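Examination of the molecular architecture
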Amino acid sequence: MKRLAYALVLMLAGAGLHALAQQKPAPGGYIIETDAQVAKEEPGTHNGGGQTIGYSFFAKVPKLKLIFRKRALKPGSGIGLHEQKEDEIYYVLSGRGQMTLDGKTVDVTPGTAILTRTGSSHSLKQVGSEDLVILINYEVEPKN
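Structure report, in brief. Fair warning: this is a prediction, and the values are worked out from it, not measured in the lab. (Residues numbered from 1 in each chain as written. Predicted model: local features only at pLDDT ≥ 70, side-chain atom pairs only at ≥ 80, totals over all residues. Heavy atoms only, no water.)

1. Remarks on the overall build of the protein
The line we're drawing: Under the scheme used here, helices are H or I runs from DSSP no shorter than 4 residues and strands are E runs no shorter than 2 residues, and both carry numbers assigned from the N terminus. Only protein chains enter the area calculation, which uses a 1.4 Å probe; residues under 20% of their type maximum are buried, those over 50% are exposed, and those in between are partly exposed. Contact criterion: two residues are considered in contact whenever any of their non-hydrogen atoms come within 4.5 Å of each other.
Along the backbone of the protein there are two helices and 10 strands. Each helix (α) and strand (β) of the protein, taken in turn from the N terminus, gives the series α-α-β-β-β-β-β-β-β-β-β-β. Residues counted as buried form 27% of the 144 residues belonging to the protein. Taking the intrachain contacts of the protein between residues at least 6 apart in sequence as the baseline, contacts between residues at least 24 apart amount to 62%.

So, in C-alpha cells, the structure goes:
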C-alpha cells in the first residue's frame, strides 16, 4: 500500500512539473512614449552646428540594448563628421539632406535608409527649407 501511495505521489508531482513546463512565461509588458514627452532642443550632434530637436525614446529603461531616436534638424543644422563605433541605421522621414559617407556625399530624401558600419565615418547636413527628420537606431551595452 505504501508503494502505491508513493507511486501516486510521484505521478502527481511529475504531472504538476509537466504542467509548469508547458506554461508560457509571463508577458514582459510594454512602454509607450510620445514625442512631447521626450523632445529636447539640442545643438547639432558631433559639433554639427545649428539647432535640432532630439527625441531619445526609452532612454531611462534599464537593461535595454536598443537605442531608438528621432531627430529634427532645423534649416542649416547638421550632425558633424564622426567615426562609427557600432552599426547604426538612419532613416529619413521628411525633408532633404546631404550625407557624407567615407568621403562620398549623397543626397538623402524621405524613404532613404542608410546603414553605417563600424569603423566608417559620416556626417549629415540638412538642406532646403523644411526640417530634415530622421530616425536613428543602434545597439549599446545596456544600463542596469
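Having seen it, we continue.
2. Some words on the nonpolar core
Formally: By nonpolar core we mean a set of buried residues, namely Ala, Val, Leu, Ile, Met, Phe, Trp, Tyr and Cys, connected to one another through side-chain atoms within 4.5 Å.
If you look at the biggest cluster of nonpolar residues, it comprises 13 residues, and the most contacted ones within it are Ile79, Tyr90, Met99, Val108, Leu124, Leu132 and Ile134. Per-element tally for this core: the top contributor is strand β10 (residues 132-139), with four residues. Those residues within four positions of Leu124 in sequence are excluded, and the remaining contacts are Leu73, Gly78, Ile79, Tyr90, Gln98, Met99, Val108, Leu132 and Ile134. Ranked by size, the runner-up nonpolar core spans six residues in total, among them Val38, Ile53, Phe57 and Val133.

3. Some details on the sheet that holds strand β4 (residues 78-83)
The test is simple: We call two strands paired when DSSP finds no fewer than two bridges between them. Helix axes use the C-alpha atoms of the stretch in contact, all axes being lines fitted to C-alpha atoms, and the angles between their N-to-C directions lie in the range 0 to 180 degrees.
Spatially, four strands are ordered β4-β9-β6-β7 in an open sheet, and the strand pairing comes out antiparallel. Edge positions in the open sheet fall to β4 and β7 (104-108), since each of these has one partner strand only. Within this sheet the neighbouring strands show an average axis-to-axis angle of 15°, counted without direction. With four bridges joining them, β4 and strand β9 (residues 121-127) adopt antiparallel strand pairing. Note on β9: the bridge partner recorded for Glu83 is Ser121.

4. A few points about the side chain of Arg71
Threshold: In protein, a polar contact requires one atom able to donate a hydrogen and another able to accept it; more generally it is a pair of N or O atoms within 3.5 Å, and residues adjacent in sequence count only if both atoms are side-chain atoms.
Looking at where Arg71 falls in the secondary structure, it is placed in strand β3 (residues 66-73). By relative accessible area, which is 8% here, Arg71 ends up buried. A distance of 2.8 Å separates the side chain of Arg71 from the side chain of Thr52, its partner in a polar contact. Ignoring any residue separated from it by four or fewer positions in sequence, one finds Arg71 in contact with Glu42, Thr45, Thr52, Ile53, Gly54, Tyr55, Ile79, Leu132, Val133 and Ile134.

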